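# Understanding the architecture of this molecule
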Amino acid sequence: MTVLAMDRIGFSRDGRPILQDVSFAVGAGEMVALLGANGAGKTTILRLLLRLLHPGRGKVLLDGRSLAGMGRRELASRVAYVPQGHAVTFPYKVRDVVALGRLAETMFSPIVSAGDRAAADAAMGHLAIGHLADRSYAALSGGERQGVLIARALAQGARILVLDEPETGLDYGQQRRLFDLMRHLAGEGYTVIATTHDPLRAARTFTRAILLRRGRIMEDGPAGQVLSEQTIATLYDADA
Amino acid sequence: MSLRLWYGRLVLVLPAILLAGLAIMSLGIGRYPVGFGDIVSVLLHNGAGMTVERRALLQTILVQTRLPRIVGAIIVGAALSVSGAGYQAVFRNPLVSPGLLGVLAGAGFGAALGIVGDAGATGVHVLSFLGGGLAVAAGVGVARLFDKASILMLVFGGLVSSALFTALLSLLKYVADPERQLPDIVFWLLGSLTQVDMPDLMAISAPVLGGIVLLSLCGRMLDALAMGDDEARTMGVPVGVLRYGVIIVATVLSALTVSVAGMIGWIGLMVPHVARLLAGPRNARVLPLSACLGGAFLLLCDDLARSVSAEEIPVGLIADVLGVAVFVSVLRLVRRGWAA
């Protein structure tokens, strides 16, 4: 069953086309990798799916409804964004960061309610990072931060997770654990959509790969089949 | 768990109690010292048991002279501190002060305009408030000329606006009557609570309290904003409305203080750091705690201003010097949490 779809999306910036005629539909529980060279349009697709950008042409559909008319908080309760594990200026505790996922429900409440706290603890427990709860987010390693941001997405209650190059800055073991976790979540019915720069790991881990080249979809299919040596070479202009 | 919960409550309640105690103590301080018993007697029992002359004297000193000043110090200190904490949150930068977008320069210019134009006390207050708002509007306007007002462009707009209004202020100083008006401008710029009276307090206390409550209610959304604009948006936060809303409220808060008390700058930068040190970075706590600590700090400074020497020292000077001392001494602790 399709949960999130792009329908003939076109997007340009300063008159330069970034995406042209991009269409795909993602079903519940699918685990989709977006691959392509830098500048191919991967991040633009993520930002359109999160409504951080508005398409110039075409529509983004969530359960068949256009994202354009959807309320901010409703969207937040359905689709969660997991950015790269970044630095934050102020020394928030991990529990505070995770509890922010509940914000869409309790926008003007100045206190973190017992329900928020329980949801945050449940999300951290689910990812087995409960021991980090009282640490300062700023003091964590990249891998730990990535885990915290995924926990926040779970606390948000969204069933669709959108991740931006989640492996960036992680060592081999951290990357492996992260991809295992993503697969595990997909197994639980979460829909996972991630950009990645690692075609070999994507071929092994993801159920589906969408390959972008110069703003158009080059290939779209089961990750193991689509990501052949030949397509990877074409994708990254690495023929020679 | 229970210990942390208790600390979480005490850290908000204790400063409020301290502030109230400091306020009562401050009533006794001045050229005519008044004992605690007399203060309680006059405030609570209308001076029962005193001679008529003494009761009248104490009522004049305590209620008409000192009380407005004490309330004024608390309100001005609280407003500047909350304003600074709000600015720091929306700009994701702990080194930002309420003056960032030009409100202080603009308010200074407005006040000088009032003094040079012989607008009277009320006129100076109003022009100063309007000048502060105008300067921030100009700064934001410049930022929006270039793009959708990113943080960097807002800082740039504030720099440009501050420079412009500082230059205009200099121009007014140059043309001001050096015998009569120039000393007024200079003294006003030093910052002082001597001119604060009951009508001033009536005019500013409601908007200041309202602003403090409003910003505190936005605390969790400001926490989300600390993660970055995009993340906050995907968590359902109306980022543009929140940023401009906080800028407007924080600007009104600081412009109001400048209009009655002149330039008292440092507090807005320094107090939120102390609040974060005590209560952690969550804005729903940092904002009300900043109000409390800022009020207490400026009250303490004003007590010093009117008691250290026979000739009163402008409280702005004391607040700056003490503020720097406090800031430097807490910086080592505060910096621990800053990223890299």
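Quick summary incoming for the structure in this document. What you are looking at is a predicted structure, and each value in this text was computed from that prediction instead of being measured.

What follows concerns unusual backbone geometry. Peptide bonds are, in most cases, trans, and in most cases residues other than glycine have a negative phi. Although it is not a glycine, R51 of chain A sits at a positive phi angle of roughly 60°. For D118 of chain B, which is not glycine, the phi torsion reads 50° and is therefore positive. Here D118 of chain B shows up in the loop between helix 4 (103-116) and helix 5 (120-146).

Once that is clear, we can look at the interface of chain B and chain A. On the side of chain A, 39 residues touch chain B, which itself brings 30 residues to the contact. Roughly 3000 Å² of surface becomes buried between chain B and chain A when both sides are summed, with 63% attributable to carbon and sulfur atoms. The largest share of the area that chain B buries against chain A comes from R220, T234 and M235 of chain B, three residues that together contribute 26% of it. Run the count over chain B and chain A and you get 4 salt bridges. With its nearest N and O atoms 3.2 Å apart, the salt bridge here joins D116 of chain A to R220 of chain B. Put simply, chain B and chain A have 13 residue pairs in polar contact (both at pLDDT 80 or more) between them.

Before going further, it helps to spend a moment on the environment of V82 of chain A. Residue placement: V82 of chain A occurs in strand 6 (residues 79-82). Sequence-wise, V82 of chain A and R176 of chain A are 94 residues apart; in three dimensions their C-alpha atoms are separated by 17 Å.

All names here are of chain A. Read from one edge of the open sheet, 4 strands run 2-1-4-5, paired in antiparallel fashion. Bordering the open sheet on either side are strand 2 (16-27) and strand 5 (65-66), each of which pairs with just one other strand. Alignment of strand 1 (residues 2-13) against strand 2, held across 8 bridges, turns out to be antiparallel. Looking at the pairing, A5 lines up with A25 of strand 2.

Residue and element names in this part refer to chain B. Applying the stated criterion across every chain, the model contains 27 salt bridges over all chains. Between R180 and D118 there is a salt bridge; the shortest N-O distance is 3.3 Å. Taken together, the positions of R180 in the loop between helix 6 (151-175) and helix 7 (181-190) and D118 in the loop between helix 4 and helix 5 put the pair 62 residues apart, joining distant regions of the chain. As a salt-bridge pair, D177 and R180 come within 3.6 Å of each other at their nearest N and O atoms. Several salt bridges share partner residues, and in doing so they unite R69, D302, D303, R306 and E312 into one network.

Residues and elements named next belong to chain A. Pairing is mixed in the open sheet, where 6 strands are placed in the order 6-7-8-3-9-10. The strands lining the two open edges of the sheet, one partner per strand, are strand 6 and strand 10 (216-222). Across the sheet, the axes of successive neighbouring strands diverge by a mean angle of 15°, strand direction being ignored. Here strand 3 (residues 31-36) runs beside strand 9 (residues 208-213); their pairing, made up of 5 bridges, is parallel. In the sheet register, L35 faces strand 9, and the bridge partner there is L211. Strand contacts of helix 6 (residues 172-187): strand 3, strand 7 (160-163) and strand 8 (191-195), with the helix running at about 135° to strand 3, the strand carrying the most contacts.

All names here are of chain B. Summarising the element assignment, G219 is placed in helix 9 (residues 219-226). Overall, G219 belongs to the buried group, its relative accessible area being 0%. For the pair G219 and L287, spaced 68 residues apart in the sequence, the C-alpha separation amounts to 7.5 Å. Ignoring anything within four residues of it in the chain, the contact list for G219 reads N283 and A284.

Let's shift gears to a nonpolar patch on the surface. Nonpolar side chains collect at one region of the surface, where W6, L10, L12, V13, L14 and I17 of chain B lie side by side and expose about 570 Å² of accessible area between them. Here L14 of chain B is to be found in helix 1 (residues 2-28).

This brings us to helix 7 of chain B. Residues and elements named next belong to chain B. Buried within helix 7 are the following residues: Q181, I185, W188 and L189. Each buried residue of helix 7 lies within a common arc of 100° when the element is viewed along its axis, so the set occupies one face. Where the residues of helix 7 are buried, they touch helix 4, helix 5, helix 6 and helix 11 (239-261). Phi turns positive one or two residues past the end of helix 7, at G191, with a value near 85°.

What counts as what
- Residues numbered from 1 in each chain as written.
- Chains lettered and ligands numbered in written order.
- Predicted model: local features only at pLDDT ≥ 70, side-chain atom pairs only at ≥ 80, totals over all residues.
- Heavy atoms only, no water.
- Helix = DSSP H or I, 4+ residues; strand = E, 2+ residues; numbered from the N terminus.
- Contact = heavy atoms within 4.5 Å.
- Buried area = accessible area lost by both parts, 1.4 Å probe.
- Salt bridge = Lys/Arg side-chain N within 4 Å of Asp/Glu carboxyl O.
- Polar contact = N/O pair within 3.5 Å; in protein donor to acceptor, adjacent residues only side chain to side chain.
- Pairing = 2+ DSSP bridges.
- Axes fitted to C-alpha atoms, helices over the stretch in contact; angles between N-to-C directions.
- Buried < 20%, exposed > 50% of the residue type's maximum accessible area, 1.4 Å probe, protein only.
- Patch = residues over 30% accessible without salt bridge, like charges linked within 9 Å, V, L, I, M, F, W, Y side chains within 5 Å.
- Areas by Shrake-Rupley, 256 points an atom, 1.4 Å probe, with all protein chains shown as cover.
- Arc of directions from axis to C-beta.

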